[in-house]
Amino acid sequence: MLIYTLILPLLGFTVYSVKKKENVSISLVIMNLLCTFTMYLYATSLWVEQYSLVFLFANFYYASVPWLLFSVVNFMMIFTELSRKNKSLIIRLIIFALCLCDLFSFIINLNYHNVLDIVQKTDENGVVLGWVADYRWPFNIHLALSYLQVIIVGGCLILKILRSSRIFRIKYEIVFGMFMLIIGVNVMFLTALPFFDFSILGYVVCALYLCYSSLYSMPKYLSSQMMKLISENINHAIVCFDSTGNKIFSNKKAAELYRYRDYVKHLNELVDENNSDSFMNSQIVYLNEEECFFEEDVNREKDNKNRLIGVSVNISDNTKVMKKMEKELYISTHDELTGLYNRRSFFENAASIIRNNKDTQFYLVATNIKDFKMINTCFGTEFGDEVLIEQAKKLLLADYPKTIHGRISSDNFAMLIPKENFSQKLSVKNTSSLQALFENLHYEIRIYIGIYEVSDIYESVSAMYDKAQIAIRSIYGSYDKTLVFYDRSLMEQLYEEKNIVSDFEKYIKNGAFEVNLTPLFTCDTEDVCGAQIVTRWNNPVNGILNEDEYTDLLDKTMLLHKLDYYVWEETVKILSEWKKKDINLKLSVKIHQQSFYYLNLPEVFKSLVNRYQINAASLVLGVNENCFTRDVKMHVDVLNKLHEAGFKIELDGFGSQFSSLNILKDINADVLKINFDQFYQNEQSDRTLTIIDSMISMSKAIGMVVTAQCVEFEHQKDFLRRAGCDIIQNNFCNMIFSQKEFEKMYMGSLKK
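Residues numbered from 1 in each chain as written. Predicted model: local features only at pLDDT ≥ 70, side-chain atom pairs only at ≥ 80, totals over all residues. Heavy atoms only, no water.

*Asks:* Before we go on, may I ask you to explain the sheet that holds strand β5 (residues 278–287) in this structure?
*Replies:* Sheets are built from strands that pair by backbone hydrogen bonding, the pairs being arranged parallel or antiparallel. An order of β4-β3-β7-β6-β5 is seen for the five strands of this open sheet, with the pairing classed as antiparallel. Looking along the sheet, the strands with just one partner apiece sit at the ends: β4 (247–250) and β5. Going from strand to strand, the sheet's axes swing by 20° on average, the running direction of each strand aside. Judged from the ten bridges that link them, β5 and strand β6 (residues 290–302) form a sheet pairing that is antiparallel. Within the sheet, the bridge partner assigned to S282 lies in β6 and is E295. The sheet contacts of helix α10 (residues 319–333) involve β6 and β7 (308–317), and relative to β6 the element is tilted by about 135°. (Pairing = 2+ DSSP bridges. Helix = DSSP H or I, 4+ residues; strand = E, 2+ residues; numbered from the N terminus. Axes fitted to C-alpha atoms, helices over the stretch in contact; angles between N-to-C directions. Contact = heavy atoms within 4.5 Å.)

Structure (structure tokens):
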């Protein structure tokens, strides 16, 4: 009756398996039904008494065991997920075929009793105890099939145990342990052959456990383990409290936070003091002196009768996100290279400071590095960046309340500073100290400072900055002045400059810049031996302007090198025409300092000579000595390349400014032009004559032609002849001619 009783829970789990509709449900139903059928056959064979009935039920009981094991194999392959492989299907088909053969052998056994038989068992007194099986040798084949399936089931479980992660391995280990226990008991029965096979009860227990484990306990256990694992490895801290406020759970992240007493205190207060069912709280805390940003999600859990069960707190560490946002905000408001405010942020913050401090007078200070593009070109952008960083550091030395700094663009910086804190002397000193970066580079850096005094607090800061820049433009290029205040007259000057810049190309195209000639004479015979090119600007507003009236303006607006190129090309055209007319004279042109930086001079002059088919030696290239105040090596290299290309090099205005004998030593110059007017003015002195005589003698000694300019009087010419001067140039203010006028006046002297 015990066995029949165990059949009932099997049927119950069979119904439960059908309702669950899991992957293993069908295989469990089949296994439970076969187990029920096997148990029924065995139980019935025990209580019937007639031999024929005992033999019938016992025979089919043994025949049903391989089919029960086959259902276990099928379940295990699904349970261990090995059923997805093609080999598993082949194995099951083979076992199915073997089970059919085994069943057929037991059907034959009904007539021939060749597999097993049933015999009565008696005690010592001859009393009949019951029926027992008498096994024949073919029964061993039946056992082999049964244990083959046992091995397959065990193999599936062992394979899965070895391949599974720790959390999933346990469900296979428990099943494997129970299965091996039942098989062990069964082996003991077959060895001892007792009257009653108690191992049969293991089939029921195994089936019941597999149903309970696979459909209920194991999924629940794995779910709880997965939740625990997730909570431990999740990037959030999770803390749970019971209804009395005692901590009952915390994951690893939360355990780390519980090392800090101040935060634990805050957490307890957060849970105790707020009675809302759920709420969010943002908290900034300092852990190990590091600022951290936490987002705390608090939930009060209640049952269906609205009674408090506990409180859960989900703590998100938003430190990285917040710091990333802070960094992005910093990048959006600050210059990446210098760390100063960028243009937009400087203007916004400056406006806020000015308008919130109405009683404070402010200066808007702008700075600009002269020819910064040239620094990048000559020394590289890395060095240029270093200059900008140092410039920012110099500005930051003015560290006063209500003072801010910004990089507006490229080499343009700005500073808003209270008027009382600004020092002109200190500002010039700080910016001038940047020259130390160029100590070994032979380059003079100039930083111009423009200052606008804030008068209208509601004026846009952008306009204030523009006015400070206008002030800078008024002194840009100056060597003796680097700081200037804005006034309204500078605006008118700016308009004039802008008109020049916008119309410059039109002036060039329309010939507004006139290329004229002033004659050069031999000192001995006073015959024409060449001409100096002189330009005049026929300005539509201001009339005829001489070179000294517009050169500085074009230099400041970065247009002088363009005018240079125009003049050179017009000069080469004249030489080309003279070549056709058999006029053999040299023409002298100027190369201004700006052209050294904006043009590849050797290539430019070679191109002009080749295009117009003239002799390079007929073009004399004059360079003023002020070009050698900086970048001496670069200037020397360029001039020597021009000399090697066949051009004549003239040192113009020698002795008027910064003359150095090193220049004569380093440059292969052909002509030395002395500014006679600088030495020999209205009064004559022996000292002056000695200096001029020595300069001429020195030049002649090194093979140079000497030209004296600004010669006016006969006694000056007589002195120059005695000293050995080669060429004289009169005061050209009254001797400037167009090409046609020049050719007409000196036609007789121009032919070979």
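Now that the structure is up, let's keep going.
*Asks:* What's the story with the sheet that holds strand β12 (residues 483–485) in this structure? I'm lost.
*Replies:* Taken together, five strands build an open sheet; the order of strands is β9-β10-β8-β11-β12 and the sheet is mixed. Lying at the two open borders of the sheet, with one neighbouring strand each, are β9 (404–409) and β12. Here the average twist between neighbouring strands, direction ignored, is 20°. Here strand β8 (residues 362–369) pairs with strand β10 (residues 412–418) via seven bridges, running antiparallel. The residue of β10 that forms the bridge with T367 is F413. Across the sheet, helix α14 (residues 424–432) touches β11 (447–453) and β12, and the angle it forms with β11 is around 150°.

*Asks:* It is not clear to me how the nonpolar core should be interpreted in this structure. Could you clarify?
*Replies:* Within soluble globular proteins, side chains that are nonpolar generally end up buried alongside one another. Among the nonpolar cores identified, the biggest contains 95 residues, and F513, L563 and L642 are the most heavily contacted of them. Apart from residues lying up to four places away in sequence, L563 is in contact with F504, I508, F513, Y550 and L554. Of all hydrophobic cores here, the second largest spans 44 residues; its members include L69, F106, Y172 and V175. (Core = buried A, V, L, I, M, F, W, Y, C linked by side-chain atoms within 4.5 Å. Buried < 20%, exposed > 50% of the residue type's maximum accessible area, 1.4 Å probe, protein only.)

*Asks:* What's the story with the pairing of strand β19 (residues 671–675) in this structure? I'm lost.
*Replies:* Remember that side chains alternate between the two faces of the sheet whenever the strand is regular. By the criterion of burial, β19 is predominantly enclosed, with five of the five residues buried. The two faces of β19 match: V671, K673 and N675 on one face and L672 and I674 on the other face are all buried. Here strand β18 (residues 648–654) runs beside β19; their pairing, made up of three bridges, is parallel. Pairing of L651 across the sheet is with L672, part of β19. Bridge analysis of β19 against strand β20 (residues 705–711) gives five bridges, and the strand direction is parallel. The residue bridging N675 from the neighbouring strand is Q709, located in β20.

*Asks:* What should I look at first to understand the packing of aromatic side chains in this one?
*Replies:* For any pair of aromatic rings, the description consists of the separation of the ring centres together with the inter-plane angle of the planes. Taken as a whole, this structure holds 23 aromatic pairs when the rule is applied. Judged by centre distance (5.5 Å) and plane angle (85°), the rings of Y62 and F139 are edge-to-face. With Y62 in helix α3 (residues 51–79) and F139 in helix α5 (residues 139–163), this pair connects stretches of sequence that are 77 residues apart. In this pair, the class of Y62 matches that of F139, namely buried. The structure contains a cluster of three or more aromatic residues connected by ring pairs, namely F504, Y507, F513, W537 and Y550. (Phe/Tyr/Trp six-rings, centres within 6.5 Å; stacked < 30°, edge-to-face > 60°.)

*Asks:* What am I meant to see in the side chain of Q729 here?
*Replies:* Residue placement: Q729 occurs in strand β21 (residues 727–730). Polar side-chain contacts of Q729 include one of 3.2 Å to the side chain of K673. Excluding its chain neighbours within four sequence positions, the residues that come into contact with Q729 are T518, P519, L520, Q532, K673, A708, Q709, C710 and V711. (Polar contact = N/O pair within 3.5 Å; in protein donor to acceptor, adjacent residues only side chain to side chain.)

Any functional reading would require information that these geometric values do not contain.
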